[in-house]
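# Geometric and topological summary
One-letter residues, chain by chain:
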Amino acid sequence: MLDYIAYRVAVLVPTLLAVSLAVFLVLHLVPGDPARNAAGPDAAEEDIELIREQFGLDQPLWRQYGIYLGNIVRGDLGESFRTRRPVLDEIVRRMPATLELAGFAMLFAVVVGVALGVVASMRPNSAIDSAVNGLSALGISAPVFFLGLLLMLLFSARLQWLPPSGRGTMAHLVLPTITLGLPYVATFARVARSTMLDVLSEDYIRTARAKGLVWRSVVWRHALINAAVPLVTLLGVYFGRLLGGAVIVETIFAWPGLGRLMVDGIIQRDINLVQGCILFFATAIVLVNLVVDLLYSVLDPRIARG
């Protein structure tokens, strides 16, 4: 197990290196002058040149990237062009909001989605099964931005039950959580239903029922455990997509997280800030996938690693 963890941590380094290189090239090759944006539209050329020298933008790209990598090794992500504050401080300040939103959205998706899928699998081809399949199709097909605006219009503007934007109370968290998690509720429901139908047809399930065990106990305590591996796999696969969706949701609901910070950085060509945010997202995704891989052996000890 320790060897496997060491191997995955070692793989983390070239993965993040490739991500940093791709992001660096894209941000530096797109049209526009970051120094001019940072200085403002009325700045003199001397001030723009001073900013360009201050942030090393006057150096060749290969040298800029080398300096950037050296700073990362020392834990320095550079300074924001806009606020002149360390990028790491900006990320640390906004990180709790994004983790809060992503955590509640994933919890909402797993709990509600798995529950719906299990209930549907217990009554296949019934009205409940058809309703779950219909809701799943609707949740998967609805765009996140449309769903967020629709929920805001209904529960904030018309009914005035929930605040439309901001962060501070649990009420502020409800609409962003539902908006971000609902498409994954549909996915977890469909996968849980399909996997549970396969597990419920196994011989050991029929044996458990023949021994007189309560049907609900067989489903929730025996079948669900054996159907959990594909569901845990989805946690790792969809965590990255959930973070990507968080960028849109945070913008819609004015949620002060990393997604909104990154969008502001892209609009203002704040290269250091955008690079730092994307590097954080990439690191989080790789670490979550590592945790998911380690959970396999807990859920199913038969799984062997080569």
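In case you missed it, the structure is sitting above this.
Summarised in this report is the structure supplied together with it. Only a predicted model underlies this, so the values are computations on that prediction, with no experimental measurement involved. (Residues numbered from 1 in each chain as written. Predicted model: local features only at pLDDT ≥ 70, side-chain atom pairs only at ≥ 80, totals over all residues. Heavy atoms only, no water.)

### As for the overall build of the protein chain
Threshold: Numbering of helices and strands runs from the N terminus; a helix is a DSSP stretch of H or I covering at least four residues, while a strand is a stretch of E covering at least two. Remark: exposure states derive from per-residue accessible area (1.4 Å probe, protein chains only) relative to the maximum for the residue type, with buried under 20%, exposed over 50%, and partly exposed in between. Here a residue-residue contact requires only that any non-hydrogen atoms of the pair lie within 4.5 Å.
Along the backbone of the protein chain there are 13 helices and zero strands. Of the regular secondary structure in the protein chain, the N- to C-terminal order runs α-α-α-α-α-α-α-α-α-α-α-α-α. A total of 306 residues make up the protein chain; the buried ones form 42% of that total. A sequence separation of at least 24 residues applies to 75% of the contacts in the protein chain between residues at least 6 apart.

### Quick word on the layout of surface pockets
The cut-off we apply is this: Any residue with an atom within 4 Å of a point lines the site, the site being either a cavity, points on a 1 Å grid over the protein atoms alone where a 1.4 Å probe fits but cannot get out, or a pocket, an open set with protein on both sides within 12 Å along at least 5 of 7 lines. Grid points are joined across faces, edges and corners, and a volume is the space filled by probe spheres set on the points. Polarity classes work like this: nonpolar for Ala, Val, Leu, Ile, Met, Phe, Trp, Tyr, Cys and Pro, charged for Asp, Glu, Lys and Arg, and polar for all others, with Gly in that last group.
Here the largest pocket is characterised by a volume of approximately 390 Å³. Considering the residues around the largest pocket, the lining is formed by 17 residues, among which L16, I72, L77, L279 and T283 are closest to the centre. Those elements that provide at least two residues to the lining of the largest pocket are α1 (2-29), α4 (61-73), α5 (87-122) and α13 (271-299). Here the lining of the largest pocket takes five residues from α1, the largest share from any one element. What the second largest pocket holds in volume is close to 310 Å³. The wall of the second largest pocket is formed by 17 residues, among which F55, I67, Y68, N71 and N272 lie closest to the centre. Of all the elements in the fold, those that place two or more residues in the lining of the second largest pocket are α1, α4 and α13. Within the lining of the second largest pocket, the residues separate by chemical class into eight nonpolar, seven polar and two charged.

### Some points on the side chain of N272
Relative to the elements of secondary structure, N272 occurs in helix α13. Relative accessible area serves as the criterion here: at 14%, N272 is assigned to the buried category. The residues contacting N272, other than those within four sequence positions of it, are F55, L77, G78, E79, F81 and V87.

### A look at the packing of α5 against helix α12 (residues 258-267)
Selection criterion: In this analysis, axes come from line fits to C-alpha atoms, helices being fitted only over the stretch in contact, and the angle between any two N-to-C directions falls in the range 0 to 180 degrees. Should an angle fall under 35 degrees it is called roughly parallel, over 145 degrees roughly antiparallel, and 65 to 115 degrees roughly perpendicular, with every other angle called oblique.
Put simply, α5 and α12 touch, their axes get as near as 8 Å, and they point 130° apart. In terms of orientation, α5 lies oblique with respect to α12. Residues E90, I91, R94, M95 and T98 of α5 touch α12, and the partners they reach there are L258, G259 and L261. Of the residues assigned to the contact of α5 with α12, the class counts are four nonpolar, two polar and two charged.

### Quick look at the environment of V274
Along the chain, the position of V274 falls in helix α13. Linking V274 and V87, residues 187 residues apart in sequence, is a C-alpha distance of 9.0 Å.

### A look at the packing of aromatic side chains
Condition: Planes of paired rings set the category: under 30 degrees apart is stacked, over 60 is edge-to-face and the rest tilted, where pairs are Phe, Tyr or Trp rings (Trp by its six-membered ring) whose centres lie within 6.5 Å.
As enumerated under the stated definition, the model contains four aromatic pairs in all. Measuring from ring centre to ring centre gives 6.0 Å for F155 and W161, while their planes differ by 45°; the resulting arrangement is tilted. Overall, F155 belongs to the partly exposed group, its relative accessible area being 22%. Each residue in the set F24, Y65 and Y68 is aromatic and connected to the rest through ring pairs, giving one cluster.

### A closer look at helix α6 (residues 127-141)
The cut-off we apply is this: Residue count minus one, scaled by 1.5 Å, sets the expected span of a helix. This arc is taken over the directions from the axis of the helix to the C-beta atoms.
Spanning 15 residues, α6 covers 21 Å between terminal C-alpha atoms, matching the ideal 21 Å at 1.5 Å per step. Here α6 has its buried residues at D129, V132, S136 and G139. Each buried residue of α6 lies within a common arc of 95° when the element is viewed along its axis, so the set occupies one face. Among the exposed residues of α6, those oriented more than 90 degrees off its buried face are A127, L138 and S141. On its buried face, α6 sits against α5 and α8 (170-200).

### So, the environment of L138
Looking at the secondary structure, you find L138 in helix α6. For L138, a relative accessible area of 55% puts it in the exposed group. As a C-alpha pair, L138 and A186 span 48 residues in sequence and 8.0 Å in three-dimensional space.

### Considering empty space enclosed by the protein
Summed over all chains, the structure comprises one cavity of 30 Å³ or more. As a volume, the largest cavity reaches approximately 40 Å³. Taken together, V19, S20, V23, F24, Y68, Q275, I278 and L279 make up the full set of residues lining the largest cavity. Secondary structure elements with two or more residues in the lining of the largest cavity: α1 and α13. In terms of residue count, α1 provides more of the lining of the largest cavity than any other element does, four residues in total. Looking at the lining of the largest cavity residue by residue, the classes come out as six nonpolar, two polar and no charged.

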